[in-house]
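Coordinates in review
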Amino acid sequence: MNLIVELKELLGGDISAKAASLVGEKEDKVKLAIEGLVPTIIGGIMKRASNEAGATTLMNAIQKGGHDGAILSQISSVVNDPESFAKVVEKGHSLVSMLLPDKKSSIATLISQFAGVRNSTATSLLAFVMPVVIGRLGKVVASQNADKSTLANTVLELKGYLLGETPENLQVKMIDVLGLSTFMSQELKPVQFASGAPLRSPGVPAPAAPKATDDRDNVVTYSSKNYEVDDEERQPLPKWVLPAGLIAVVVAAAVYFLANYDWQSTFASAPDEVDSTQVEQVTGAEIDTTALPKDTTIANVDSSNTAAEVKLTSIALPNGQSIETLPGSFVERFTKYVADTASRPAQVFTLENVNFEGNTSTLVAGSDKNVQDLAKIMTAFPKVQVKITSHTDNAGDTLQNKKLSLKRAFAIRNMLVTNGISAIRIDFDGKGPFVPVASNSTEEGKAKNRRIEVKVVKK
C-alpha cells in the first residue's frame, strides 16, 4: 500500500491549483511544492515512528485530534473556502510542531528553494499538507482498529517507496534535512511495542522517582569482624609475592605472543589490501571474496583462445525458468547458495559487471543483465530477502560519495522492483568509501572498491 502515491494524487490537479490561488503563488510552483512536501512529511513521520516514544506521540496526535480520515473527502470544499483553508492550516501548524518540532523551518526552506516559492508559502503549504497526511494515517487506525505498533509498521513499510517517490533533485537534501542517512541504511524490521504502555498527555510531566537517600557518607559504621581470630588463622603474604606474580604473568604473555605470532606474514611482501575479515566486522556477514576481480598482474595468462573455450552454462530454476550464465559467475554461485537448504543466511556476494556512469546512479548500457538475473532468481525463490549495499572508492568528497552510493543502491533496488520483486524483500544501503576491500592508491584497487554487494538476509 503506497500511501505516498495516493496522497500525491489526492493533492494534485485541481486541489493544488486552488491552493495556489489561496496562497498567491503560481500553480506549477505549488504543484511542485506539494509533490516534494508529501514524501518529505512522510519521511519525517517515518523516522519519528521508528521508536516507541515517537509512535506514541503519533497515535496521540491522531486520536486526540480526531483525525479519522474525514478530511480526505472534504479536501475539495476546504480549498474552495478561504476560511476553511485557514482552519486546516492552523491545525497543521500544531501538528507540525508536535510531530516535527525541530524540522519546521528547515523543511520550509528546503521546499521554498526546491519549488521556487516564498518561504512563508512553503510554511503554509507544509501546514496544509500535514493534516491530510495524518488524516490518511488516522483512517488506517480507524478502519483497522490499529494499535501504535500496527500504525508504526504501516508508516515504516513506506521506506522502500520513499526515495522513488521523491523528486531526484530533492532526495539528497531531504535526507540531510530530516537526518535520514542512518535510518535509510538500516534493515526494515517490523516493530512491536508494549500495548499496555500508558499514554501520557503532552505537557504533563512524569512523576519524579523518589530519590534514594544514602547516609553512608554521613554515618560511620564499624565492622563486627573479629580480626584477632583471622590473624591467628591466616598470616599475611610476604611483600615480594605480588610483584613476582605480576612479572611472571607478563613474561608468560610475552613468550606466548612470540611463539604464536605470524611473523612470516608480517615481513612478507603483500599488496596493500584490506583483509576481508575487516569487512566482516562492518557487515556482520561472511564476505564472498571469490567474487572480487582477480589481480591480473599476478600471472601472465594466454587469453588468445579464451573466448572460444568459454561456454555458457544453463541453470534450471524451481519455477521452470532457466538462466544462461558463465561457469563460476555470481549468478551460478548465488543460485546454488539460495537453493542449498543447509546453508545459512548472511552470505554476501559481489554483483558482477554492474557499472555506472561517472558520479551518477545511471547504469551503463548492458550493466543490467545480472540485476535482471537476480530478479529471476528471487522470483524462483520467493522467500529470499536481500540487502543491496553500494560502495565507492575514496576519490572526491566523502559525504557526496556516501550519498552517491545510497542512490546507486536504490537504483539497483528499483530495477528489482521493476522486474516484479516486492519492495519489502529488498533493503538497501550506501557505505560510500568507508568499507574498502583493496587499496585506493591504485586504479585497480579503486575499481575493486566500486562495487555492489548482495547480502542474503533471509532464505
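Look up a bit, the structure's there.
In what follows, the accompanying structure is described. Every chain's residues receive numbers from 1 upward, in the order its sequence appears when written. Local features in this predicted model are restricted to residues whose pLDDT is 70 or higher, and side-chain atom pairs enter the listing and the counts only when it is 80 or higher, whereas totals over whole chains, interfaces and linings include all residues. Side-chain descriptors were evaluated using all non-hydrogen atoms of the structure, hydrogens and water having been removed beforehand.

Considerations on the overall build of the protein
Our working definition: Working definition: helices are DSSP H or I runs of at least four residues, strands are E runs of at least two. Numbering for both runs from the N terminus. When a residue's accessible area, from a 1.4 Å probe over protein chains only, is under 20% of the maximum for its type it is buried; when over 50% it is exposed; and in between it is partly exposed. Note on definitions: a residue-residue contact is assigned when non-hydrogen atoms from the two residues lie within 4.5 Å. For every accessible area listed, the method is Shrake-Rupley and the probe measures 1.4 Å; residues are considered covered only by the protein chains on display.
Along the protein, the regular secondary structure elements total 21 helices and 6 strands. Here the protein holds 459 residues, and the buried ones make up 43% of them. Taking contacts inside the protein between residues at least 6 apart in sequence as the whole, the part at least 24 apart equals 75%. Of the accessible surface of the protein, which amounts to about 25,400 Å², a share of 53% is contributed by carbon and sulfur atoms.

Some details on the environment of Glu35
Note on placement: Glu35 falls in helix α3 (residues 27–48). With 27 residues separating them in the primary sequence, Glu35 and Lys8 have C-alpha atoms 6.2 Å apart. Once residues within four sequence positions are removed from consideration, Glu35 is found in contact with Lys8 and Pro167.

Section: the side chain of Thr40
Quick reminder of the rule: Here a polar contact is recorded for every N or O atom pair within 3.5 Å, except that within protein the pair must consist of a potential hydrogen donor and a potential acceptor, and residues adjacent in sequence are included only if both atoms are side-chain atoms.
Here Thr40 is to be found in helix α3. Separated by 2.7 Å, the side chain of Thr40 and the backbone oxygen of Gly36 make a polar contact. Contacts of Thr40, omitting those with residues within four sequence positions, involve Ile107, Leu110, Ile111, Leu170, Met174 and Leu178.

A short note on the pairing of strand β1 (residues 313–316)
Heads up, the rule is: Strand pairing requires that DSSP identify at least two bridges connecting the strands.
When β1 meets strand β2 (residues 322–325), the two strands line up antiparallel, connected through 4 bridges. Looking across to β2, one finds that Ala316 is bridged to Ser322. Connecting β1 to the next strand, β2, in antiparallel fashion are 5 residues, including Gly320 with a positive phi near 95°.

Re the packing of helix α4 (residues 52–64) against helix α8 (residues 119–144)
Definition in use: Orientation is described by axes fitted as lines to C-alpha atoms, over the contacting stretch for helices, and by angles from 0 to 180 degrees between their N-to-C directions. By the definition adopted for this analysis, an angle is roughly parallel if under 35 degrees, roughly antiparallel if over 145, roughly perpendicular if from 65 to 115, and oblique otherwise. By the convention adopted, Pro, Cys, Tyr, Trp, Phe, Met, Ile, Leu, Val and Ala count as nonpolar, Lys, Arg, Asp and Glu as charged, and the other residues, Gly among them, as polar.
Contact pair α4 / α8: the axes reach a minimum separation of 10 Å and the direction vectors enclose 90°. Relative to α8, the element α4 is oriented roughly perpendicular. Note on element contacts: α8 touches α4 through Ile134, Leu137, Gly138 and Val141, opposite Leu58, Met59 and Ile62. Looking at the contact of α4 with α8 residue by residue, the classes come out as 6 nonpolar, 1 polar and no charged.

Focus: the packing of aromatic side chains
To describe a pair of aromatic rings, you give the distance between the ring centres and the angle between the ring planes. For the record, the criterion: Two rings from Phe, Tyr or Trp (for Trp, the six-membered ring) form a pair when their centres sit within 6.5 Å of each other. Planes less than 30 degrees apart are called stacked, planes more than 60 degrees apart edge-to-face, and all others tilted. Only lysine NZ and arginine CZ atoms are considered, and such an atom sits over a ring when it is within 6 Å of the ring centre and within 35 degrees of the ring normal.
One pass over the full model with this rule turns up 6 aromatic pairs. With 5.1 Å between their ring centres and 40° between their planes, Phe85 and Phe128 make a pair best called tilted. Taken as a pair, Phe85 in helix α6 (residues 82–99) and Phe128 in helix α8 lie far apart in primary sequence, 43 residues in all. Classification of Phe85 by relative accessible area gives buried; the value is 7%. A residue is classified by how much of its surface remains accessible, and Phe128, at 0% relative accessible area, is buried. Of the aromatic side chains, those joined through ring pairs into one cluster are Phe330, Phe334, Tyr337 and Phe349. Its end group placed over the ring of Tyr337, Lys459 keeps NZ or CZ at 5.2 Å from the ring centre.

Quick look at the packing of α4 against helix α9 (residues 148–156)
Running from N to C, α4 and α9 point in directions that differ by 100°, and their axes come no closer than 9 Å. The angle between the axes of α4 and α9 places the two elements in the roughly perpendicular class. Across the interface between the two elements, Glu52, Ala55, Thr56, Leu58, Met59 and Ile62 of α4 pack against Lys148, Leu151, Ala152 and Val155 of α9. When the residues that make up the contact of α4 with α9 are grouped by side-chain class, the tally is 7 nonpolar, 1 polar and 2 charged.

Focus on helix α7 (residues 104–115)
Stated precisely, the cut-off is as follows: The span expected for a helix works out to 1.5 Å for each residue beyond the first.
Between its terminal C-alpha atoms α7 stretches 16 Å, which fits the 16 Å expected from 12 residues at 1.5 Å a residue. Those residues of α7 that sit buried are Ile107, Ala108, Leu110, Ile111, Ser112, Phe114 and Ala115. Among the structural elements, α3, α8 and α11 (168–178) are those in contact with the buried residues of α7. Just downstream of α7 lies Gly116, where phi reads positive at about 75°.

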